[in-house]
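# Analysis of the macromolecular model
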Amino acid sequence: MRKRVVQFFKNIFYIFMESDEKFINSTLTESEQKLFRTLKKSEQIHSELVTKAFIKSLHGKTSKDLVKAVLLHDIGKVERPLHLIEKSVAVLLHKTGLSGVSYIQKRPFMMSYLHHAERGADLLLSESIFKKDSMEEQLIRTHHETTENLRKIYGKDPEFIRIHTLLKEADDCN
C-alpha cells in the first residue's frame, strides 16, 4: 500500500515535469509521437520514467522495438483517460479485490483501468505499429498479468517472463 501512496504523489508531481523530447523523438516515429501525445501529460511522464528504468535494468542492451513497446505500454488509457481520483479509487478497489464485483467492474473508469492493456495492444495493432503475437504486442497486452498467469494461461517462455517482470518492476516503481 505504501508504494501506491508514493505513486499517488508522484503522479501529482508529474504535472510539473518536462517531457524528454529528445528521448521521445529518437524512439518513436512522427505518427507514433502523435499517438503518444494523446496520453495525459502525467501518463506520458510515467511512461518515459518506466521506459528509462526498464532500459537501465537491461544495462542499455535492448531492441528499439522493445523500448517503443514499453514507452507505449499504457496507450490504451487514451480511450477513456482517468482523473487522478478515479485512478486512485480504481487502484484501491483492485488491490482490495473489489474490482471483481460486477457492478464496480462495469463502471467506465474501472473498465478503462482494468482493460487498458488489451485496448492498447489492439490500438497498436490497428495502427500497424506492432504485429499480432509479436513480443512487443504481447508485452503490452499482458503487462498487468501475474507471472503465474503468464506461465499457466499463456504458456510464455522464460525470456518473455524475464522481460515482462522487468517491465512490471519499472511500472510499479514509477
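The sections below set out a description of the structure shown in this document. This is a predicted model, so every value here is computed, not measured.

### Things to note about the environment of Thr27
As for its position among the elements, Thr27 is in helix H2 (residues 21-27). Separated by 88 residues in the primary sequence, Thr27 and His115 have C-alpha atoms spaced 25 Å apart. A polar contact of 2.8 Å, which involves the side chain of Thr27, links it to the backbone oxygen of Phe23.

### Comments concerning the packing of helix H6 (residues 84-95) against helix H8 (residues 108-126)
It is at 10 Å that the axes of H6 and H8 come closest, and there the two elements cross at 70 degrees. Considered as vectors, H6 and H8 are oriented roughly perpendicular to each other. Judged by the twist between their axes, the crossing of H6 over H8 is right-handed. Contact residues: Glu86, Val89, Ala90, Val91, Leu93 and His94 in H6; Phe109, Met110, Tyr113 and Leu114 in H8. Residues that form the contact of H6 with H8 fall into these classes: eight nonpolar, one polar and one charged.

### What about the nonpolar core?
Within soluble globular proteins, side chains that are nonpolar generally end up buried alongside one another. One finds Phe36, Leu72, Ile75 and Leu124 to be the most contacted residues of the largest nonpolar core, which totals 17 residues. Excluding its chain neighbours within four sequence positions, the residues that come into contact with Ile75 are Leu35, Phe36, Leu39, Gly120, Leu123 and Leu124. In this structure, Val50, Leu58, Ile163 and Ala170 belong to the second largest nonpolar core, which totals 13 residues.

### Quick notes on the packing of aromatic side chains
All chains considered together, the criterion is met by zero aromatic pairs. In this arrangement the basic side chain of Lys52 is found over the ring face of Phe23, its NZ or CZ atom lying 5.2 Å from the centre.

What counts, and at which threshold
In every chain, residue numbers begin from 1 and rise along the written sequence. Reporting in this predicted model follows two pLDDT cut-offs: at least 70 for local features of residues, and 80 or more for side-chain atom pairs to be given and counted; totals over whole chains, interfaces and linings ignore these cut-offs and use all residues. Hydrogens are left out, water is left out, and the side-chain values use all remaining heavy atoms of the structure. For the purposes of this entry, the term helix denotes a DSSP run of H or I that reaches at least four residues, the term strand denotes a run of E that reaches at least two, and both are numbered from the N terminus. In protein, a polar contact means a hydrogen-donor-capable atom and an acceptor-capable atom, both N or O and within 3.5 Å, with residues adjacent in sequence counting only if both atoms are side-chain atoms; elsewhere, any N or O pair within 3.5 Å suffices. Here, axes are lines fitted to C-alpha atoms. For helices the fit covers the stretch in contact, and angles between N-to-C directions go from 0 to 180 degrees. Roughly parallel covers angles under 35 degrees, roughly antiparallel covers those over 145, roughly perpendicular covers 65 to 115, and oblique covers all other angles. Definitions for this section: a left-handed crossing has its near helix turned counterclockwise from the far helix by less than a right angle. A right-handed crossing has that turn clockwise. Whether two residues are in contact is decided by their heavy atoms: any pair within 4.5 Å suffices. When residues are sorted by character, Ala, Val, Leu, Ile, Met, Phe, Trp, Tyr, Cys and Pro go into the nonpolar class, Asp, Glu, Lys and Arg into the charged class, and all the rest, Gly among them, into the polar class. Joining through side-chain atoms within 4.5 Å is the link that ties buried Ala, Val, Leu, Ile, Met, Phe, Trp, Tyr and Cys residues into a set, and such a set is a nonpolar core. For each residue, the accessible area found with a 1.4 Å probe, counting protein chains only, is set against the maximum for its type, and the residue is called buried under 20%, exposed over 50%, and partly exposed in between. Within 6.5 Å between ring centres, the rings of Phe, Tyr and Trp (the latter by its six-membered ring) count as paired, and their orientation is classed by plane angle as stacked under 30 degrees, edge-to-face over 60, tilted in between. Geometrically, a lysine NZ or arginine CZ counts as sitting over a ring once it is within 6 Å of the ring centre and also within 35 degrees of the ring normal.

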